[in-house]
Amino acid sequence: MGTEATGLPTFHSWVGGREVEGRAGLRPAVNPATGEAFAQASLLDAAQAAEAVTAAQAAFPAWSRTSFRERARLLDRLRQTVVAEADELARLIEREQGKPPAEALAAEILPSLDALQHLSAHAENLLRDDALEGQQLLLAHKEARLVYAPIGVVLAVKPWNYPWAQSVPVVASALVAGNTVLLKPAPATTLIGLRLGALARKAGFPDGVLSVLATDDAVAGALVEDPRIGKIVFTGSVATGRKVMAAAAKNLTPVVLELGGKDPAIVCRDADLDRAAKGIAWAAFLNAGQTCASVERVYVERPVAAAFLAKVLEETRKVRLTGTPGGGDMGPLTLERQRRTVEEHVADAVAKGARVLTGGATPAGPGFFYPPTVLVGVDHGMTIMREETFGPVLPIMEVGSLDEAIRLANDSPYGLTASGWTGSGETARRLQRELVAGIVTINDHVSSFGEPIAPWGGVKWSGIGRIHGLAGLREMVQTKYVSLDRGRGPELWWYPYDAEFAALMSRAAPALYSTSFRRRLGAQLALARFGRLWRRFGPWRLLANLDKLF
Ligand code: NAD
């Protein structure tokens, strides 16, 4: 860190264990509550970013050979450094991203600590080799296992809405699996990413094992195309996700894509309306609605629509903006352009007949604030019901039946999360089965992000692959099949293809696969007359694998 001519504190990337000043200029860090810069970051140019890949590649052989115990020790030390600096970190998150410090602790820092603790305690067990029992009679003698081997250099490209909670679990699962990692934070939340680099350094990770790169998007694009990258874990918008996948295709680099959402909540006629109203208001306005899995659409069954609406309005009006007297529930939007998107979606809905019941107007004053807003009279012809708004707006639509609610909820190109609110176990099971999404919760929304064993990810435009849990950990390894043969002499099917082999093979299909017991047994007895079979396949092996004959 330094202080440049602007007088603003300046932060630099972490590359190969050192702070490296970028040669591609400076980017201000803007406080979204005031719209003013409070610090800046130097940006790496393409050559410097490529050097970070070289450093990560150089660090990989030694890091991938470290024991799980050693990796867990370092994750524990990182956890300790995060715990020690949690309050300060929450204030930095508020300053650069906008969410209130209490929410930064609840929704960013605690889930990251959970992930660190879970991975340090369980990764070794979760990634232990799996012994396989061969099913093919002729191969059953081989000792086979699945080995979960590290991939190499993992590139994690991250968004600005949860800069800490989106980064730490992915970085930690890549590291604990034996990969080296390059983290590319979003431009709007670069300092939060660089703080992770500083804390990892403090925790004692070896040089080059984790680099954090402040770059512009063009350099990020070049990193995605670097053939030395073994896997890309991208979290961000659908538009950029498409570009990343297309660029990754050049080297067939595998990708995990965690993209946007337009998540529905269905309020059934038998729901606990107090709980539904409180839960849905929270899940819509959490992080000023800038949550990939926020509730962005509500379908409420007609018999309870009026009562639900009254309750959700009451809850919405209680949400106090930070910066107002006694306020502290909801911060500003992180970016001015994000607020413009919200304004446009609301204007489009109103122009097409929607009614604003509360909020809906940009307040005067500094910063990028937008009030919690409830809309009714909406339909699927409006942008607000089709495209990701990513702001504190809750459009509510009345429906005549559960069938209609499910049909409308699934009528979206997205499929990240969905929730149903009901008192009936049967309805709950139906919603879990029929809602098309990566995550379906009943009587709650979005909270599974805080559960380290729960896989996170979507279907359709919401993405490919998973982070978190066993599924997320398996994304960080390559599944390798290994086998060992302690036998002597040639295999049955090796050369020469002599007359005996040809006759043996023509009987093999009925002997091994006929569905008629008599035919199978007859062919097996015929096979038993071939010396070539017995030379490789002694009676003991046959006895040990008798079950595979039928
Ligand atoms: P974005 O797509 O604009 O940017 C994401 C990241 O990609 C940033 O770090 C950006 O600098 C980088 N980037 C931009 N161009 C690139 C390129 N050509 N090659 C490589 N990297 C490039 O997204 P955003 O605005 O930062 O984040 C908001 C979006 O993220 C929303 O759509 C939200 O739903 C989504 N999101 C999804 C999840 C999830 O788990 N599914 C979680 C959080 C956010």
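Report follows, based on the coordinates. One numbering rule holds for all chains: residues counted from 1, following each sequence as written. The predicted nature of this model means local features are confined to residues of pLDDT at least 70 and side-chain atom pairs, given and counted, to a pLDDT of 80 or more, with totals for whole chains, interfaces and linings taken over all residues. The side-chain quantities take in all heavy atoms of the structure and omit both hydrogens and water.

Three labels apply to residues, based on accessible area from a 1.4 Å probe with only protein chains included: buried if under 20% of the type maximum, exposed if over 50%, partly exposed otherwise in between. Labels follow the DSSP assignment, with helices taken as runs of H or I lasting at least four residues and strands as runs of E lasting at least two, numbered in each case from the N terminus. The side-chain alternation of strand E17 (residues 373–376) yields two buried faces, one formed by Thr373 and Leu375 and the other by Val374 and Val376. Judged from the three bridges that link them, strand E16 (residues 355–358) and E17 form a sheet pairing that is antiparallel. Paired with Val356 across the strands is Leu375, a residue of E17. Strands are labelled as partners when DSSP assigns at least two bridges between them. As defined by bridge partners, E17 adjoins strand E18 (residues 393–399) across three bridges and the pair is classed as parallel. Its bridge partner being in E18, Thr373 is matched across the sheet by Val393.

A word on the side chain of Lys99. Topologically, Lys99 is positioned in the loop between helix H3 (86–96) and helix H4 (101–126). Overall, Lys99 belongs to the buried group, its relative accessible area being 1%. There is a polar contact of 2.6 Å between the side chain of Lys99 and the side chain of Glu108. Here a polar contact means two N or O atoms within 3.5 Å. Within protein one must be a hydrogen donor candidate and the other an acceptor candidate, and residues neighboring in sequence count only if both atoms are side-chain atoms. A polar atom in the side chain of Lys99 sits 2.9 Å from the backbone oxygen of Asn161. Apart from residues no more than four positions distant in its own chain, Lys99 is found in contact with Ile93, Glu94, Ala104, Glu108, Asn161, Tyr162, Pro163 and Asn287. Whether two residues touch is decided by their heavy atoms; if any such pair falls within 4.5 Å, the residues are in contact.

This part is about the nonpolar core. In this text, buried Ala, Val, Leu, Ile, Met, Phe, Trp, Tyr and Cys residues form a nonpolar core when linked through side-chain atoms within 4.5 Å. With 66 residues, the main nonpolar core has Leu78, Val82, Ile109, Trp164, Leu191, Phe205 and Trp456 as its most contacted residues. Sequence-distant contacts of Ile109, that is, excluding residues within four places in its chain, are made with Val82, Ala86, Leu89, Ala90, Ile93, Ala104 and Trp164.

Proximity is defined per residue: any heavy atom of the residue falling within 4 Å of a molecule or strand makes that residue near it. Near the ligand lie 28 residues; those nearest to it are Lys158, Asp217, Ser237, Leu259 and Glu388. Between the ligand and Lys158, the relevant distance is 2.7 Å, taken from an oxygen atom to a main-chain nitrogen or oxygen of the residue. At 2.7 Å from a nitrogen atom of the ligand is found a main-chain nitrogen or oxygen belonging to Leu259. Elements represented by at least two residues in the shell around the ligand include exactly helix H7 (217–224), strand E12 (229–235) and helix H8 (238–249). By residue number, the principal contributor to the shell around the ligand is H7, which donates four residues. The residue makeup of the shell around the ligand, split by class, is 15 nonpolar, eight polar and five charged. Any residue that is not Ala, Val, Leu, Ile, Met, Phe, Trp, Tyr, Cys, Pro, Asp, Glu, Lys or Arg is counted as polar, Gly included; the first ten are nonpolar and the last four charged.

The next thing to look at is the packing of helix H9 (residues 273–285) against helix H10 (residues 302–318). Contact geometry for H9 and H10: axes closest at 9 Å, N-to-C directions at 50 degrees. As the angle between them shows, H9 and H10 are arranged oblique. Relative to H10, the crossing made by H9 is right-handed. Where H9 approaches H10, its residues Leu273, Asp274, Ala276, Ala277, Lys278, Ile280, Ala281 and Phe285 are matched on the opposing element by Val304, Ala307, Phe308, Lys311, Val312, Glu315, Thr316 and Lys318. Lines fitted to C-alpha atoms define the axes, with helix axes restricted to the stretch in contact, and inter-axis angles between N-to-C directions lie between 0 and 180 degrees. Under this scheme an angle from 65 to 115 degrees is roughly perpendicular, one under 35 degrees roughly parallel, and one over 145 degrees roughly antiparallel; angles in between are oblique. By convention, the crossing between two helices is left-handed when the near helix turns anticlockwise from the far helix through less than a right angle, and right-handed when the turn is clockwise.

Once that is clear, we can look at the pattern of salt bridges. Basic side-chain nitrogens of Lys or Arg form a salt bridge, by our definition, when they fall within 4 Å of a carboxyl oxygen of Asp or Glu. Under the defined criterion, the tally for this structure stands at 30 salt bridges. Where Arg430 meets Glu434, a salt bridge forms, and the shortest distance between an N and an O atom there is 3.1 Å. Within this pair, Arg430 and its partner Glu434 are both found in helix H13 (residues 425–434), separated by four residues, close to a single helical turn. Between Arg532 and Asp498 there is a salt bridge; the shortest N-O distance is 3.3 Å. Of this pair, Arg532 sits in helix H17 (residues 531–536) while Asp498 sits in the loop between strand E24 (477–484) and helix H15 (499–513), placing them 34 residues apart in sequence. Since its relative accessible area comes to 8%, Arg532 is described here as buried.

Like-charged residues within 9 Å of one another, or nonpolar side chains (Val, Leu, Ile, Met, Phe, Trp, Tyr) within 5 Å, are grouped into patches, provided each residue has over 30% relative accessible area and no salt bridge. Computed by Shrake-Rupley with a 1.4 Å probe, the accessible areas treat only the displayed protein chains as cover when residues are assessed. Together, Phe517, Leu521, Leu525 and Phe550 give the surface a local cluster of nonpolar side chains, amounting to about 430 Å² of exposed area. Position of Leu521 among the secondary structure elements: in helix H16 (residues 517–527).

Tracing the backbone shows Ser173 in helix H5 (residues 168–176). By relative accessible area, which is 7% here, Ser173 ends up buried. Reaching out from Ser173, the side chain makes a polar contact with the backbone oxygen of Pro169 at a distance of 2.7 Å. Excluding anything up to four places from it in sequence, Ser173 contacts Leu119, Leu473 and Met476.

Ordered in space as E16-E17-E18-E15-E14-E20-E21, the seven strands form an open sheet in which the pairing is mixed. Two strands in the sheet have a free side with no partner beyond their single neighbour: E16 and strand E21 (439–442). Adjacent strand axes in the sheet meet at a mean angle of 25 degrees, parallel and antiparallel pairs treated alike. Across four bridges, strand E20 (residues 417–421) lies against E21 in parallel orientation. Residue pairing in the sheet places Ala418 in a bridge with Val440 of E21. Against the sheet, H13 makes contact with strand E14 (263–267), E20 and E21, and its axis sits at roughly 165 degrees relative to E21, the strand it touches most.

Across the nine residues that make up H5, a large majority, nine, are buried. All buried positions along H5 are accounted for by Val168, Pro169, Val170, Val171, Ala172, Ser173, Ala174, Leu175 and Val176. Once H5 ends, the next one or two residues include Gly178, with phi positive near 100 degrees.

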